[in-house]
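# Working through the structure, step by step
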Amino acid sequence: MRTSIATVCLSGTLVEKLHACAEAGFDGVEIFEPDLIGSPASPEEIVALAHRLGLTLDLYQPFRDAEGVTEEEFGDVLRRARAKFRLMQRLGIDTMLVCSNVGTATIDDDEVSAAQLRRLGDEAAAHGVRLAYEALAWGRFVDDYRRAWRIVELADHPAVGVCLDSFHILSRGHDPAAIEQIPGDKIFFLQLADAPALTMDVLSWSRHHRLFPGEGAFDLATFVGHCLAAGYRGPMSLEVFNDVFRQTDVLRTAKQAKRSLTWLEDQAARLPLQHPRPDGPVRLPEVAPPVAVDFVEVKAEDTSDVDVLLRQLGFTFRGSHRSKQVRLWTQGAARVVCNEQQARDQPPTLAAVGFEVVDLATSAARARALDAPAVFRRTHARDEELPTFRAPDGTEVFLASVARDEAGWVTEFEGGEEASAAPLLTGVDHVNLAQPWHSYDEAVLFYSSVLSLESGSSQDVAAPTGLVRSQVVRSNDGAVRLALNVAPQAFTHPAGFPQHMAFSTDDALAAARAARSRGLRPLPIPANYYDDLFARFDLDPAVVEDMQELGVLYDRDGTGDFTHFYTETVGGVFLEVVQRSGSYEGYGATNASVRLAAQHARSTGA
Ligand SMILES: O=C(O)c1ccc(O)c(O)c1
Ligand SMILES: [Mg+2]
């Protein structure tokens, strides 16, 4: 399907925006009026540039406060509209978005609004223009797309149709199913935006927090499905007002936007549609989510502090790579690679995560179809070249075939020991990746779309230096879980906000005891925490005493419980050991804020 994007989604000047939209692969743009008014380029220059870039100009917007006004006021509406129609002729744009009246409406009467839109339609038609009437969620009288359609139906004018904007419909909780009652050729335009689930007034929500599809909580696939079933034939266009995207790199945001539409088109294509259109929607290569984390890589000039922690947690040193400065540690199914190549002056960070996928070729094709940037580096652990992509946070994502011959690359490591036959730690439970504030939403979309993971709701965890926003993307069966955390702004030092990997165990207390016997000093947890544990849960005092002694934390909900402990942080990395019982699916959010305070105390000595 044709793709389009409103210029308001992006940072920069109108000319910069057009270049970025074209480079990201959009077919067209919506010209957001303030971008044009503020541009030194004439309408004719904009047309020439768009033509040269291969972009169509699909929509001019917005035209405000047109209907439901007094006759006297309407005279001025017509005067304003004529000026805009002449401008649109210069721009060669044939569709103008008219949003429902917010500021000047005094007449709450569909007949009056319809008659005014009809007269505006006559004027538009005389200029070769059509009007797409959009119900803003905060419109004075018209704030529901079903009412906007009723007015358009009453107006009964060939140049008057509706514009459907997912935000205005889904933010109000309006059922999009009635879209199917609108004839497809009366849906003149379709604007798409996602948004996080927030409880706030819709105007602020819309103007500051919209997201690209796949980054928020709206069910946009179903929404688009209704539009396609209605017979909509126009472009899928993005209209996202967002405080972050207004200031991030224009090309990067445009590419993220395009990825979101590619993902959404695929989601919509999966729905059984009554009226599939001849030009799509296009499917992506379909892949199952990864079945496991293959390995996690720590990179540093000197990883020896991490090696010590791994040894204390019971990992076995499996050897050094025969040709590279890389060491392999394993325990159960968990593999950690310590990489000292090309890391001069770098403290330890989580640099890469490998994922085991069932169908390597198709997973790589999907990543490429979503324009995931390829990384070319010699794989540290094997001679075969694994498909590798760079996530928005800089993490390198390796794809490895679950069916490959494991012995192959492990034998490239020499001088190591035999893996333990009875490991206390059994695998990787989750990997926690710190996100720069400006690429968090992009990361949610990247990991969920490229790896076919599902994103849950986001949570805020209090730290002494700020709130840490956290969202998990995971496979349905929980075998792969990534926790994406936005670091508070205070974390600007080189190691950044600490990241961690959590290993699973069937007995966290035993694992903590064994680690202690190997010299591990767990992250110290305040006594107050254990006093509070008694208040939260009816626990055996002897068990809590053990927990306190070993720095072990505990959580429980209606589904099961969670017992876990943390190592100290080295550079930008720490390790966690977790035991899930019953069907507990959380991450101990209450405990995470205790952990953040403890880490803060350790780093400041306070
Ligand atoms: O926030 C606004 O005013 C506004 C303007 C035009 C739109 O298409 C829209 O959805 C919102
Ligand atoms: Mg809109």
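Owing to the predicted nature of the structure, the values given are computational and were not obtained by experimental measurement. Each chain carries its own residue numbering, running from 1 in the direction its sequence is written. As a convention, the first chain written is A and the first ligand written is 1, with the rest following in written order. For a predicted model such as this one, the threshold for reporting local features is a pLDDT of at least 70, and the threshold for listing and counting side-chain atom pairs is 80 or more; totals across whole chains, interfaces and linings nevertheless cover every residue. As a rule here, side-chain values cover all heavy atoms of the structure and leave hydrogens and water aside.

## As for the side chain of Arg595
To qualify as a helix, a DSSP run of H or I must reach at least 4 residues; to qualify as a strand, a run of E must reach at least 2; elements of each kind are numbered from the N terminus. Following the sequence through the fold, Arg595 ends up in helix 18 (residues 589-604). Despite its burial, Arg595 remains without a salt bridge, the nearest opposite charge being carried by Glu576 at 6.0 Å. In contact with Arg595, other than residues within four places in its own chain, are Asn432, His500, Leu523, Tyr566 and Phe574. Each residue is assigned to one of three classes by its accessible area relative to the maximum for its type, calculated with a 1.4 Å probe on protein chains only: buried under 20%, partly exposed between the two thresholds, exposed over 50%. For the charge count, each Lys or Arg is scored as positive and each Asp or Glu as negative, with His and the chain ends excluded. By definition, a salt bridge exists where a carboxyl oxygen of Asp or Glu is found within 4 Å of a side-chain nitrogen of Lys or Arg. Here, two residues are considered to be in contact whenever any of their heavy atoms come within 4.5 Å of each other.

## Here's the deal with the domain arrangement of the chain
By a widespread convention, an interface's size corresponds to the accessible area lost as its parts come together. Looking at the assigned domains, one finds that the chain contains domain 1 (3-269) and domain 2 (292-604). Placing a centre on the C-alpha atoms of domain 1 and another on those of domain 2 gives a separation of 43 Å. Between domain 1 and domain 2, the contact holds 16 residues from the first and 17 residues from the second. Here domain 1 packs against domain 2, burying approximately 1400 Å² in sum over the two surfaces, 53% of which is carbon and sulfur. Linking domain 1 with domain 2 are one salt bridge, by the criterion used here. Salt-bridge contacts for Glu442 lead to Arg252; the nearest nitrogen and oxygen are separated by 3.0 Å. Here the residues of the side of domain 1 that touches domain 2 sort into five nonpolar, six polar and five charged. Domain delimitation in this document rests on an assignment produced automatically or drawn from a domain database. Once two parts are joined, some of their accessible surface, as seen by a 1.4 Å probe, is lost; buried area is that loss totalled over both. Each residue gets one label: Ala, Val, Leu, Ile, Met, Phe, Trp, Tyr, Cys and Pro are nonpolar, Asp, Glu, Lys and Arg are charged, and the others, such as Gly, are polar.

## Examining the site of ligand 1
Residue proximity to a molecule or strand is established when one non-hydrogen atom of the residue lies within 4 Å of it. Every one of the 14 residues lining ligand 1 counts as a neighbour, but Arg64, Asp165, His168, Arg207 and Glu239 are closest to it. Separating an oxygen atom of ligand 1 from a side-chain N or O atom of Arg64 is a distance of 2.7 Å. With the chains in place, 100% of the 290 Å² that ligand 1 exposes on its own is no longer accessible. Whenever two N or O atoms come within 3.5 Å, that pair is a polar contact, provided that in protein one can donate a hydrogen and the other can accept it, and provided that, for residues adjacent in sequence, both atoms are side-chain atoms. A 1.4 Å probe and the Shrake-Rupley method give the accessible areas. Residues count as covered only by the protein chains that appear here.

## Some details on the nonpolar core
Each nonpolar core is a collection of buried residues, namely Ala, Val, Leu, Ile, Met, Phe, Trp, Tyr and Cys, held together in the definition by side-chain atoms within 4.5 Å. By size, the foremost hydrophobic cluster in this structure holds 176 residues, and its most contacted members are Leu164, Phe223, Leu313, Tyr447 and Phe503. Counting residues per element, this core draws most heavily on helix 4 (residues 71-91), which supplies eight residues. When residues of this core are assigned to domains, at least three map to each of domain 1 (3-269) and domain 2 (292-604). With residues up to four places along the chain from it excluded, the contact list for Leu313 reads Gln331, Leu425, Phe503, Ala515, Arg518, Leu520, Phe565, Thr567, Leu575 and Val577.

## With respect to the coordination of the magnesium ion (ligand 2)
Each metal site lists N, O and S donors within 2.8 Å (3.2 Å for Na, K and Ca). With water left out of the atoms, a site can look as if it is missing ligands. Around the magnesium ion (ligand 2), the donor atoms from the protein are Glu134 (OE), Asp165 (OD), Gln191 (OE1) and Glu239 (OE), and they sit 2.1 Å away. Here the metal geometry follows the donor angles, with tetrahedral for four donors whose angles all fall between 85 and 135 degrees, square planar for four and octahedral for six when opposite donors are more than 155 degrees apart and every other angle is between 65 and 115, and irregular for all the rest. Its six donor atoms give the magnesium ion (ligand 2) angles of 77 to 175° at the centre, a pattern that matches the octahedral case. One chain supplies every donor to the magnesium ion (ligand 2), and in sequence these donors are spaced E-x30-D-x25-Q-x47-E. Residue Glu134 is found in strand 5 (residues 130-134), and its partner Gln191 is found in strand 7 (residues 187-192); the two are separated by 57 residues along the sequence. Across the pair, Gln191 and Glu134 agree in class, each one buried.

## Considerations on the packing of helix 16 (residues 527-536) against helix 17 (residues 541-550)
The N-to-C vectors of helix 16 and helix 17 enclose an angle of 155°; their axes lie 10 Å apart at closest approach. Accordingly, the angle class assigned to the pair helix 16 and helix 17 is roughly antiparallel. The interaxial crossing formed by helix 16 with helix 17 has right-handed handedness. Only Pro541, Val544, Met547 and Gln548 of helix 17 make contact with helix 16, whose side of the interface consists of Ala527, Tyr530, Leu533 and Phe534. Lines fitted to the C-alpha atoms define the axes, with helices restricted to the stretch that makes contact. Angles between their N-to-C directions range from 0 to 180 degrees. Oblique is the label for any angle not covered by the other classes, which are roughly parallel (under 35 degrees), roughly antiparallel (over 145) and roughly perpendicular (65 to 115). Handedness of a helix crossing follows the sense of rotation of the near helix relative to the far helix, less than a right angle counterclockwise being left-handed and clockwise being right-handed.

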